[in-house]
Amino acid sequence: MKKLFSLQSVNFLFSFIVLSFLNFVTFAQDSASSSTTTTTSTTTEATAVQPWVWVVGGAVLLLIIIALVRGNSKGGGSGHTDKVTYTKTTSTDDNP
């Protein structure tokens with residue numbers, strides 16, 4: 001069976017879509033056309049993020065990056081194929 005898409009092209013396409021979406025979201029929040037500005041002041045307590053949250057988030061991000069870089073290597077999907085040539089010689093004795 002012939003593969004239609006390689007793993008690298010799928011990773012590239014996924015990354016391109018995610019980055020394009022993030023670019024769209026950042027431009028969508030540009031409020032340069034706003035002519036009125038309203039300022040309200042509220043007092044809230046800032047909650048600090050615990051250090052273990054950063055460690056867990058970094059570990060998860062690292063695992064995702066490793067999974068994307070390694071690809072699917074379980075089923076021999078490393079992209080390496082061997083070509084084997086088998087030669088068979090036969091002879092017959094035809095003495096009429």
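To start, this report covers the structure provided alongside it.

Thresholds, definitions, all that
- Residues numbered from 1 in each chain as written.
- Predicted model: local features only at pLDDT ≥ 70, side-chain atom pairs only at ≥ 80, totals over all residues.
- Heavy atoms only, no water.
- Helix = DSSP H or I, 4+ residues; strand = E, 2+ residues; numbered from the N terminus.
- Buried < 20%, exposed > 50% of the residue type's maximum accessible area, 1.4 Å probe, protein only.
- Areas by Shrake-Rupley, 256 points an atom, 1.4 Å probe, with all protein chains shown as cover.
- Phe/Tyr/Trp six-rings, centres within 6.5 Å; stacked < 30°, edge-to-face > 60°.
- Patch = residues over 30% accessible without salt bridge, like charges linked within 9 Å, V, L, I, M, F, W, Y side chains within 5 Å.
- Salt bridge = Lys/Arg side-chain N within 4 Å of Asp/Glu carboxyl O.
- Expected span 1.5 Å × (residues − 1).

1. Section: the overall build of the protein chain
Inference 1: The helix and strand inventory of the protein chain stands at two helices and zero strands.
Inference 2: A buried classification covers 0% of the 96 residues belonging to the protein chain.
Inference 3: As presented, the protein chain carries roughly 10300 Å² of accessible surface, and 62% of it is formed by carbon and sulfur atoms.

2. Here's the deal with the packing of aromatic side chains
Inference 1: For the coordinates displayed, the defined rule picks out one aromatic pair.
Inference 2: Ring plane angle 20 degrees and centroid distance 6.4 Å describe the contact between F12 and F16, whose orientation is recorded as stacked. One end of the pair, F12, and the other, F16, are both in helix α1 (residues 7-28), four residues apart, so they sit about a helical turn from each other. F16 shares its class with F12; the two are exposed.

3. Looking at a nonpolar patch on the surface
Inference 1: A cluster of nonpolar side chains, namely V49, W52, V53, W54, V56, V60, I64 and L68, defines an oily patch on the protein surface of about 820 Å² accessible area.
Inference 2: Positionally, I64 belongs in helix α2 (residues 51-70).

4. Some points on α2
Since the α-helix turns once every 3.6 residues, residues separated by three or four places project in the same direction.
Inference 1: For α2, with 20 residues, the first-to-last C-alpha span of 29 Å sits near the 28 Å given by 1.5 Å per residue.
Inference 2: Note on α2: the residue one or two positions beyond its end, G71, has a positive phi of about 80 degrees.

5. A look at the environment of L68
Inference 1: Structurally, L68 can be placed in helix α2.
Inference 2: Distance from L68 to Q8, taken between C-alpha atoms, is 9.0 Å for residues 60 residues apart in sequence.

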